[in-house]
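# Architecture at a glance
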Amino acid sequence: MKPIRHPTSIAQQHPETASHFAHFFRYLHGEKAASAHTHQAYQHDLQLLADSVGARDLASLSPLDVRGFVRQLASRGLSGRSIARTLSAWRAFYRLMCRDFHWSSNPIEGVKAPKHRPALPSAMNVDDVVGFLEHMPDEDQLASRDKAIFELAYSSGLRVSELVSLKLIELDLLHGMATVTGKGNKTRLVPIGKMALEAIRRWLLIRTQLAHPNAQTVFVSNKGTPLTPRAVQLRLRQWQEKLGLTEPLYPHKLRHSCASHLLQSSSDLRAVQELLGHASIATTQVYTHLDFQHLAESYDKAHPRAKMADKDTEGI
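What you see is a predicted model; the values in this text were computed from it and never measured. Positions within a chain are numbered from 1, following the residues in the order the chain's sequence is written. Whole-chain, interface and lining totals are the exception, using all residues; otherwise, since this is a predicted model, local features are given only for residues with pLDDT of at least 70 and side-chain atom pairs are given and counted only at 80 or more. Where side-chain values are given, they derive from all heavy atoms of the structure, hydrogens and water being excluded.

### Some thoughts on the overall build of the protein
The helix count covers DSSP runs of H or I at least four residues long, the strand count covers runs of E at least two residues long, and both are numbered beginning at the N terminus. If you tally the helices and strands in the protein, you get 15 helices and 3 strands. Pairs at least 24 apart in sequence give 59% of the contacts found in the protein among residues at least 6 apart. In short, Shrake-Rupley with a 1.4 Å probe defines the accessible areas, and a residue's cover is counted only from the protein chains shown. Working note: accessible area of the protein is about 17,900 Å², and carbon and sulfur atoms make up 54% of it. In this description, contact between two residues means that some pair of their heavy atoms is separated by no more than 4.5 Å.

Right under this line is the structure:
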């Protein structure tokens, strides 16, 4: 792909284009209060537009032209997801031009990116998760806390942000439930498994040795303050190295594993959606693809006709 030039190079070669881009970035900064990261992403995407258009007038483009640009981007190796994001930036730019400069039409409307496969979440198999959790010691304060965190993540499919923000008053150990605040500040009630309950109870017995008197979160740092998501990620990585595990571990993998294993045993997509706090069933459906992938791998290993297929096709 062509290297991305600094926006000043656009001003040198295409002053009118640069003027329109500058107006768009003023809009991002003023009306949208966009972050520096967003500015950088739009600079990248609009540079792609400038490279594709060349010396042509941006206002003269048609949807047919844009589809040609999309094919060029795909041929250079951009994924469908990246092209979709690029088109979104182009579309926002043209909408502003139509609003503020009265351009006749937005050539990006109706143009779609090539379809891309949704990335399958990475999950561990049941034996690996159980082996990891059972081999984790809990003889000291931090180890006890970590084991309770990881047991709860796998038991109830919590996001790492939900784990670190969980408060004492949101735990109902008597009934094995927790009230979790997820994305969009939405709350949901999740069950807590037996092993996770035991680990949490052990941790709560020693939590007062670390926590500040006014600390409300279930899990605290060695300084008595609430944990950060980054701290949980680092602790899980340390345990991976300490236990000599080769498979990379991160908190979301425990959440993915919880969802995948529940679907493999129950096939109740709606229940898993509610447990994970997904707003759309489509988000949860990705786990059915993961479940099918697991089934396909098991079939290839175990089914006698699958084994015979390799011999039958030798020499073809």
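The rest of the description comes next.
### Here we look at unusual backbone geometry
The backbone of Ala33 sits at a positive phi, close to 50 degrees, despite the residue not being glycine. Within the secondary structure, Ala33 sits in the loop between helix H2 (15–30) and helix H3 (36–53).

### Topic: the pattern of salt bridges
Each salt bridge in this description consists of a side-chain nitrogen of Lys or Arg and a carboxyl oxygen of Asp or Glu lying within 4 Å of one another. Counted by the stated rule, this structure contains 12 salt bridges. Arg95 is paired through a salt bridge with Glu109; the nearest N and O atoms lie 2.9 Å apart. Taken together, the residues Arg95 in helix H5 (residues 80–100) and Glu109 in the loop between H5 and helix H6 (126–135) connect sequence positions 14 residues apart. Ionic pairing is found between Asp138 and Arg202, a salt bridge with its closest N-O pair at 2.8 Å. One end of the pair, Asp138, is in the loop between H6 and helix H7 (141–156); the other, Arg202, is in helix H9 (residues 194–207), and 64 residues separate them in sequence. The class for Asp138 is partly exposed, based on a relative accessible area of 30%. Three labels apply to residues, based on accessible area from a 1.4 Å probe with only protein chains included: buried if under 20% of the type maximum, exposed if over 50%, partly exposed otherwise in between.

### Here's the deal with the packing of aromatic side chains
Ring geometry is summarised as follows: Phe, Tyr and Trp rings, the Trp one being its six-membered ring, pair when their centres sit within 6.5 Å, and such pairs are stacked at plane angles under 30 degrees, edge-to-face over 60 and tilted between the two. All told, the structure shown has 10 aromatic pairs when counted by the stated rule. Considering the side-chain rings of Phe24 and Tyr27, the 5.9 Å spacing of their centres and the 40 degrees angle between planes classify their relative orientation as tilted. One end of the pair is Phe24 and the other is Tyr27, both in helix H2 and 3 residues apart, which spans about a single turn. Residue class for Phe24 comes out buried when judged on its relative accessible area of 0%. Here the aromatic cluster, defined as three or more aromatic residues joined through ring pairs, consists of Phe21, Phe24, Phe25, Tyr27, Tyr42, Phe93, Tyr94 and Trp103.

### Points about H6
Listing the buried residues of H6 in full gives Val129, Phe132 and Leu133. Along the long axis of H6, the arc covered by the buried residues comes to 90 degrees, so they all point the same way. Along H6, exposed side chains directed more than 90 degrees from the buried face belong to Asp127, Glu134 and His135. Polar contact is the term for a pair of N or O atoms within 3.5 Å; when the atoms are in protein, one must be able to donate a hydrogen and the other to accept it, and sequence-neighboring residues count only if both atoms are side-chain atoms. With a side-chain oxygen lying 3.2 Å from the backbone nitrogen of Asp127, the N-terminal cap of H6 falls on Asn125. Think of it as the arc spanned by the lines of direction from the helix axis to the C-beta atoms.

### What to know about the nonpolar core
Each nonpolar core is a collection of buried residues, namely Ala, Val, Leu, Ile, Met, Phe, Trp, Tyr and Cys, held together in the definition by side-chain atoms within 4.5 Å. Membership of the largest hydrophobic core comes to 42 residues, with the highest contact counts inside it found for Phe132, Phe150, Leu152, Leu171, Ile192, Trp203 and Phe219. Mapped onto this core, the elements with two or more residues apiece are H6, H7, helix H8 (160–165), strand S2 (177–181), H9, helix H10 (229–242) and helix H11 (251–266). Top element by residues in this core is H7. It accounts for 7 residues. Beyond its immediate stretch of four places on either side in the chain, Ile192 contacts Leu152, Ser155, Ser156, Leu171, Gly176, Met177, Ala178, Leu197 and Ile200. Leu28, Leu49, Leu78 and Tyr94 belong to the second-largest nonpolar core, a separate cluster that totals 29 residues.

### Some points on the sheet that holds strand S3 (residues 187–191)
Strands are labelled as partners when DSSP assigns at least two bridges between them. Sheet architecture is open: 3 strands sit in the order S1-S2-S3, paired in antiparallel fashion. With one partner strand each, in any of the chains shown, strand S1 (171–172) and S3 form the two edges of the open sheet. By the bridge criterion, 2 bridges tie S1 to S2 in an arrangement that is antiparallel. In the sheet register, Leu171 faces S2, and the bridge partner there is Ala178.

### As for the pairing of S2
Residues Ala178 and Val180 point to one face of S2 and are all buried, whereas Met177, Thr179 and Thr181, pointing to the other face, are not buried. Hairpin connection, S1 to S2: the antiparallel pair is bridged by 4 residues, and Gly176 has positive phi, about 65 degrees. Joining the antiparallel neighbours S2 and S3 is a turn of 5 residues, in which Gly184 adopts a positive phi near 70 degrees.

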